[in-house]
Amino acid sequence: MLCNGGAGCCDYLEPVAQMFDDVAKVIRFEQRGCGRSDPAPPYDIETCLADLESIRTYYNVDRWIIGGHSWGADLALLYTLEHSSRVAGLICIAGGRIHNDREWHDEYERRKAREGEYVPEFIYPPNREVNQQLNRSWKTYIQKPDLLLKISRLQTPAVFVYGERDIRPSWPIKQVAQLMPKARFELIGGAEHVIWHSHENELRMLLREFVEQVVSDRLLMRKSLE
């Protein structure tokens, strides 16, 4: 399952899905009110997580690898926290933070004004209402007092991939990766936020390695239980 960024953007992750769709079935998720999805409030974290669970149930998947890019990676992390028993692996591309730090935002705005960045083409325009409501909901969610404790207890294999030239500071992602016992942080030199735009091969290698390892581990576990 791949979750796109935004919040409030349509799906743009076909290039990422194609990196490993020969070794796994890939589903791409659009939030309510975005892209091909119908407007159907409320637009909040709880509804997004429930929608993801409904998709998993619809496809009769016991456990899946869930991932995302940018805000979609944040959503994938929150889903893993709420439904860890249903997650075999977590992929966070250029995201997965749980901070709403003012200095982080200020540094991002400074780099954005100074350097700019590549933005993928969107088939459908972003939904600003979805963006505002989901961002408010996310800020409320990450204030949960047991959030860090729950992350530190996650036993889910995870990979956090970041671009060296991403204008978003990487320290919040590194912190989450350090908290999770089975997570690792991978920095791709020279890459920006949309890593696959300039470093497709490096990203493909990392993601395929991770997906194949999770699938292999699951098969070994099943055999040991037989």
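Our subject is the structure that appears above.
Residues numbered from 1 in each chain as written. Predicted model: local features only at pLDDT ≥ 70, side-chain atom pairs only at ≥ 80, totals over all residues. Heavy atoms only, no water.

### With respect to helix α7 (residues 171–179)
- Turning to α7, its buried residues number three or more, namely Pro-172, Ile-173, Val-176 and Ala-177. For α7, the angular spread of the buried residues around the axis is 135°, confining them to a single face.
- For α7, the secondary structure elements touched by its buried residues are α3 (71–82), α4 (102–115), α6 (147–152), β5 (158–163) and β6 (183–188). (Buried < 20%, exposed > 50% of the residue type's maximum accessible area, 1.4 Å probe, protein only. Helix = DSSP H or I, 4+ residues; strand = E, 2+ residues; numbered from the N terminus. Arc of directions from axis to C-beta. Contact = heavy atoms within 4.5 Å.)

### With respect to the pairing of β5
- Judged by how many residues are buried, β5 sits mostly within the fold: six of six residues are covered.
- Here β5 shows a buried face lined by Ala-158, Phe-160 and Tyr-162 and a second buried face lined by Val-159, Val-161 and Gly-163.
- Across four bridges, the pairing between strand β4 (residues 87–93) and β5 is parallel. Residue Cys-92 lies in a different strand from β5, and its bridge partner there is Phe-160. (Pairing = 2+ DSSP bridges.)

### A look at empty space enclosed by the protein
- Evaluated as defined, the whole model comprises one cavity of 30 Å³ or more.
- Size it by volume and the largest cavity reaches roughly 50 Å³.
- If you go around the largest cavity, the residues you meet are Gln-31, Arg-32, Pro-42, Tyr-43, Asp-44, Thr-47, Cys-48, Asp-51, Val-130 and Leu-134.
- Contributions of two or more residues to the lining of the largest cavity are made by α2 (45–58) and α5 (128–141). (1 Å grid on protein atoms, 1.4 Å probe; cavity = no way out; pocket = protein on both sides within 12 Å on 5 of 7 lines; lining within 4 Å. Points joined across faces, edges and corners; volume = space filled by probe spheres on them.)

### Brief notes about the sheet that holds strand β3 (residues 64–69)
- Across the sheet, six strands lie side by side as β2-β1-β3-β4-β5-β6; this open sheet has parallel pairing. Each edge of the open sheet carries a strand with a single partner, namely β2 (28–29) and β6.
- Here strand β1 (residues 2–3) pairs with β3 via two bridges, running parallel. Within β3, the residue paired with Cys-3 across the bridge is Gly-68.
- Across the face of the sheet, α3 comes into contact with β1, β2, β3 and β4 while running at roughly 150° to β3. (Axes fitted to C-alpha atoms, helices over the stretch in contact; angles between N-to-C directions.)

### Considering the packing of α2 against α3
- Relative to each other, α2 and α3 sit at 75°, their axes nearing to 10 Å. In terms of axis orientation, α2 runs roughly perpendicular to α3. Counting all contacts with α2, which are made through Ile-45, Cys-48, Leu-49, Leu-52, Glu-53 and Arg-56, the residues of α3 involved are Trp-71, Leu-75, Leu-78, Tyr-79 and Glu-82.
- Considered class by class, the residues forming the contact of α2 with α3 number eight nonpolar, no polar and three charged. (Parallel < 35°, antiparallel > 145°, perpendicular 65-115°, else oblique. Nonpolar A, V, L, I, M, F, W, Y, C, P; charged D, E, K, R; others polar.)

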